[in-house]
Amino acid sequence: MPLKDVPLKDVPLASSPVLADGVFLDELFDLDYREVSMRVLSDPEIYQLELDRLFPRTWNIVAHEDEIRLPGDYVLRYVGEDEIVVSRAEDGSITAALNVCTHRGARLCRYEKGNALRFTCPYHAWAFRPDGRFLGAPIAREKMHGELRSKEELSLQSARVEQYAGMIFVNFDLDAPSLRDTLGPMTWYWDLMFDRTSAGMTVIGPPQRFTIRANWKTAGEQFAGDIFHTLSLHKSMQELGMLSTDGPVQEPAMAGTSAAHRGSFVRCFDVEEEHYLNALKGRDLKSLSAVERLRMQPPPGMSVDMVDQIVQKFSPEQVEMLAKRPPQVGSFFPNIGGIVMHQPLPDGTLGAFISWRTWVPKGPDRFEVMSWTVAERDSSPELRENVRMFTAATFGVSGFVESDDSDIWPLQQKSARGALGRRQKLRYQTITPEGKPEGWPGPGDIYDGFPKDNTQWAFWTEYLGHLTGRL
Amino acid sequence: MPTADTPYKEATGRRVRASEPLHGDIVEHLEDEAQLLDEDDLMGWIQLLAEDLVYRAPIRCFTERGSGSPFDEEAAHFEENAMTIFLKVMRLTQTSSAWAENPASRTRRIVSNVRVHETDVDGEYRVDSSILLLRSRYDDTHYDLLSGRRVDCLRRADSGFRLASRTIYFDQTALGVSNLAVYL
């Protein structure tokens, strides 16, 4: 009799899951008042639903292509709590397979990175190719893998692999839309952050990894559009004069436009009216062309000589966008973030921080931040050093910006543990009507002006759609 | 003999024996430094740093035995100089909203296994030590625990020593802490 384990692709999704106390998952989301029960942060049953229904069926970011340059190079990464091996094949293609031996379930590859053209399980020496294909069990005459299952059936479960801007994404759902289709209109903006030059970006070493004792969605919902928190949680930057404005809006970094699509988000900062960057302050920007402005202050991690490449690579509308309202921070649903920003420094210079990151779930109340620092392949040693240093100093485990976020997320989690607390709500009630500024050339759902709750609410409706099977 | 996996260059200068007064002076310096940090006296601590300080903690991976250093040469958990440390200390001590350390954590630094070697530069010493940091936040009974090896360059100054460089080789690959808003 076949095992009763339902393959993930056959898990019935056409209904709202019922939790152990009889509550329908739907009932934790108030669509009229735009409220989410804090139970979604702490309930272990909901967490299991996410592991089954969300992560194996969405595009997960796992590595940069330069981490596995040579044939046989591999790294270990995660899809939800499942560990996978991401490898470069001999023909240059990239493969990803579940790191679970099909014999007795041991961790097949036990090194975080390396080079191998085959993996031999330490337990009984079953051998596999990096793409997951089963090669054989030892002592062939004894037929130690038996004859009931074909070799094909004994292969490691493999994932679909696609790339964007040098980053490698995997999806275990064979029926899911392609990565490009999933990103949809967002690449119009994200290309301006991560795909700006002909040489493209490379990665600076392996990702930084650290652990936050909170649910992954505390970071996930914040990165889906919470620019507002900068004014309070990161107020120390204003106190130090590192974030200020001389524009008509006196709250620095709040002017701009948000673009969203199916739970993904990007924020385009207004550097024309507000220009919180020192280099642009006091300048009559409106009299300058987009290219003149980009030459005066190239985008983060770029030098003046790279500006010509931007003009060649992008449409005039995108060049204009990069000069006036550069996309600088955003997220891909459900658990991927990206940041490309300048940090004005006390000595008047600019640091650049450029990072891809993912929140890897490690239980309902724990997640790991995996954060890659990336830089233009063609950057000068000085520019590369600037990105390397200031990405670490601002974001990530020792970053003075992110350390305040990583302190507040566990406190939200603490709130969600109490019997009263988990019945409280996350509220998304500041709404701005959807509307494009005049002449806005970019695609997606557009929300202009002070950052409101629209895109974060869209994160939750997308989330609910995935968990209830409506998406 | 160091193996190929040894992540740090072994000291080549003369070993300063534990019985020599200099060794005692350096141990006292490290203990005083730990005391300043444990007591959250960051302004006192930065007086011990050299202007050309390099302070870093490289990222580590778990790799096959014999395959070389598990530490990356570029990617780091800490990547600081005197300017970034000064900036962070100003943030922690002079602003009202450095929430990562407000209220302050209670921390305890256990410094041990101190080994001192002379270097090619007169008055500069290579100092290796083991560090264990315990950090307690709010009323949480969980401790943040970080252990590692520190490789320092201490430079003799008019009074005492200044830290010219510190590299922290953490034992964890994925750090089990939310942030490094405290120093080791």
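Residues numbered from 1 in each chain as written. Chains lettered and ligands numbered in written order. Predicted model: local features only at pLDDT ≥ 70, side-chain atom pairs only at ≥ 80, totals over all residues. Heavy atoms only, no water.

1. Focus on the overall build of chain A
Part 1: Secondary structure assignment for chain A yields twelve helices and 22 strands.
Part 2: Its C-alpha atoms give chain A a radius of gyration of 23 Å, near enough to 23 Å, the size a compact globule of 471 residues would have.
Part 3: Projecting the C-alpha coordinates of chain A onto the three principal axes gives extents of approximately 80 × 55 × 35 Å.
Part 4: A buried classification covers 60% of the 471 residues belonging to chain A.
Part 5: Of all intrachain contacts in chain A linking residues separated by at least 6 positions in sequence, the fraction that spans at least 24 positions is 64%.
Part 6: Just so you have it, chain A exposes about 19100 Å², and 51% of that area is on carbon and sulfur atoms.
Part 7: One way to put it: in chain A the 52 positive side-chain charges average out to a point 5 Å from where the 65 negative ones average out. (Helix = DSSP H or I, 4+ residues; strand = E, 2+ residues; numbered from the N terminus. Rg over C-alpha atoms; globule rule 2.2 N^0.38 Å. Buried < 20%, exposed > 50% of the residue type's maximum accessible area, 1.4 Å probe, protein only. Contact = heavy atoms within 4.5 Å. Areas by Shrake-Rupley, 256 points an atom, 1.4 Å probe, with all protein chains shown as cover. Lys, Arg positive; Asp, Glu negative; His and termini not counted. Charge placed at Lys NZ, Arg CZ, Asp CG, Glu CD.)

2. Looking at the domain arrangement of chain A
All names here are of chain A.
Part 1: With domains assigned, chain A is organised as domain 1 (65–175) and domain 2 (182–468).
Part 2: In total, about 1500 Å² of surface goes out of reach between domain 1 and domain 2, with carbon and sulfur atoms giving 61% of it.
Part 3: Considering only the surface of domain 1 that becomes buried against domain 2, Tyr 78, Tyr 164 and Met 167 emerge as the three largest contributors, covering 38% of it.
Part 4: Connecting domain 1 to domain 2 are three salt bridges.
Part 5: Of the charged contacts, one joins Arg 377 and Asp 66 as a salt bridge, the two residues approaching to 3.0 Å between their closest N and O atoms.
Part 6: Joining domain 1 to domain 2, the criterion identifies seven residue pairs in polar contact (both at pLDDT 80 or more).
Part 7: Elements supplying a minimum of two residues to the side of domain 1 that touches domain 2: β4 (73–79) and β12 (167–171).
Part 8: Taken together, the residues of the side of domain 1 that touches domain 2 break down into five nonpolar, one polar and six charged. (Domains from an automatic or database assignment. Buried area = accessible area lost by both parts, 1.4 Å probe. Salt bridge = Lys/Arg side-chain N within 4 Å of Asp/Glu carboxyl O. Polar contact = N/O pair within 3.5 Å; in protein donor to acceptor, adjacent residues only side chain to side chain. Nonpolar A, V, L, I, M, F, W, Y, C, P; charged D, E, K, R; others polar.)

3. So, the side chain of A:Arg160
All names here are of chain A.
Part 1: Mapped onto the elements, Arg 160 comes out in strand β11 (residues 160–164).
Part 2: Engagement of the side chain of Arg 160 in a polar contact is seen with the backbone oxygen of Asp 173, the distance being 2.9 Å.
Part 3: Among the polar contacts listed, one links the side chain of Arg 160 to the backbone oxygen of Ala 176, at a separation of 2.8 Å.

4. Some points on the sheet that holds strand β8 (residues 119–120) of chain A
All names here are of chain A.
Part 1: Pairing within the open sheet is antiparallel, and its three strands lie in the order β8-β9-β10. For this open sheet the edge positions go to β8 and β10 (134–136), each flanked by a neighbour on one side alone.
Part 2: Pairing of β8 with strand β9 (residues 127–128) involves two bridges; the strand directions are antiparallel. Bridge assignment links Phe 119 to a residue of β9, and that residue is Phe 128. (Pairing = 2+ DSSP bridges.)

5. Looking at unusual backbone geometry
Part 1: Cis geometry is adopted by the peptide bond preceding A:Pro334, which originates at A:Phe333 and carries an omega value of 0°.
Part 2: Mapping A:Pro334 onto the fold places it in the loop between β17 (327–332) and β18 (336–344).
Part 3: A cis geometry characterises the amide bond from B:Asn102 onward to B:Pro103, with omega recorded as 5°.
Part 4: A positive phi angle is found at B:Asn113, which is not glycine, with a value near 55°.
Part 5: Tracing the backbone shows B:Asn113 in strand β4 (residues 106–118).
Part 6: At B:Tyr138, a position not held by glycine, the phi torsion is positive, near 50°.
Part 7: With a relative accessible area of 29%, B:Tyr138 lands in the partly exposed category.

6. Points about the packing of helix α5 (residues 216–223) of chain A against helix α11 (residues 402–417) of chain A
All names here are of chain A.
Part 1: Contact geometry of α5 with α11 gives a least axis separation of 9 Å together with a crossing angle of 120°. In terms of their interaxial angle, α5 and α11 are classed as oblique. Relative to α11, the crossing made by α5 is right-handed. In this structure, α5 uses Thr 218, Ala 219 and Gln 222 to contact α11, whose residues at the interface are Asp 405, Trp 409, Gln 412 and Gln 413. (Axes fitted to C-alpha atoms, helices over the stretch in contact; angles between N-to-C directions. Parallel < 35°, antiparallel > 145°, perpendicular 65-115°, else oblique. Left-handed = near helix turned anticlockwise from the far one by under 90°.)

7. Description of the packing of aromatic side chains
Each aromatic ring pair is described using two quantities: the centre-to-centre distance and the angle formed by the ring planes.
Part 1: Applying the stated rule across the entire model yields 34 aromatic pairs over all chains.
Part 2: Consider the rings of A:Phe128 and A:Phe134, whose centres lie 5.3 Å apart with planes at 50°: the pair is tilted.
Part 3: Note on A:Phe134: relative accessible area 4%, which makes it buried.
Part 4: With 4.8 Å between their ring centres and 75° between their planes, B:Phe71 and B:Tyr169 make a pair best called edge-to-face. One end of the pair, B:Phe71, is in strand β3 (residues 71–81); the other, B:Tyr169, is in strand β7 (residues 161–170), with 98 residues separating them in the sequence. Neither residue differs from the other here; B:Phe71 and B:Tyr169 are each classed as buried.
Part 5: Counting every residue linked through ring pairs, the aromatic cluster contains A:Phe29, A:Phe55, A:Trp216, A:Phe333, A:Phe459, A:Trp460 and A:Tyr463. (Phe/Tyr/Trp six-rings, centres within 6.5 Å; stacked < 30°, edge-to-face > 60°.)

8. A closer look at the interface of chain B and chain A
Part 1: Across the contact, 42 residues belong to chain B and 43 residues belong to chain A.
Part 2: Buried surface at the junction of chain B and chain A, summed over both partners, amounts to about 3700 Å²; 56% is from carbon and sulfur atoms.
Part 3: Contact with chain A buries surface across chain B, with B:Phe62, B:Glu74 and B:Arg91 losing the most and accounting together for 18% of the total.
Part 4: At the junction of chain B and chain A, the tally comes to five salt bridges.

9. Examining the pairing of strand β19 (residues 350–361) of chain A
All names here are of chain A.
Part 1: Extensive coverage of β19 is indicated by the burial of twelve of its twelve residues.
Part 2: Residues Leu 350, Ala 352, Ile 354, Trp 356, Thr 358 and Val 360 point to one face of β19 and Gly 351, Phe 353, Ser 355, Arg 357, Trp 359 and Pro 361 to the other, with burial holding for every one of them.
Part 3: With nine bridges joining them, β18 and β19 adopt antiparallel strand pairing. Looking at β19, one finds that Gln 343 is bridged to Gly 351.
Part 4: Between β18 and β19, which pair antiparallel and follow one another directly, the connecting turn spans five residues, one of which, Gly 348, has a positive phi of 90°.
Part 5: Across seven bridges, the pairing between β19 and strand β20 (residues 367–376) is antiparallel. From the neighbouring strand, Ser 355 faces β20, where its bridge partner is Thr 373.
Part 6: Between β19 and β20, which follow one another and run antiparallel, lie five residues, and Gly 363 among them has a positive phi close to 120°.

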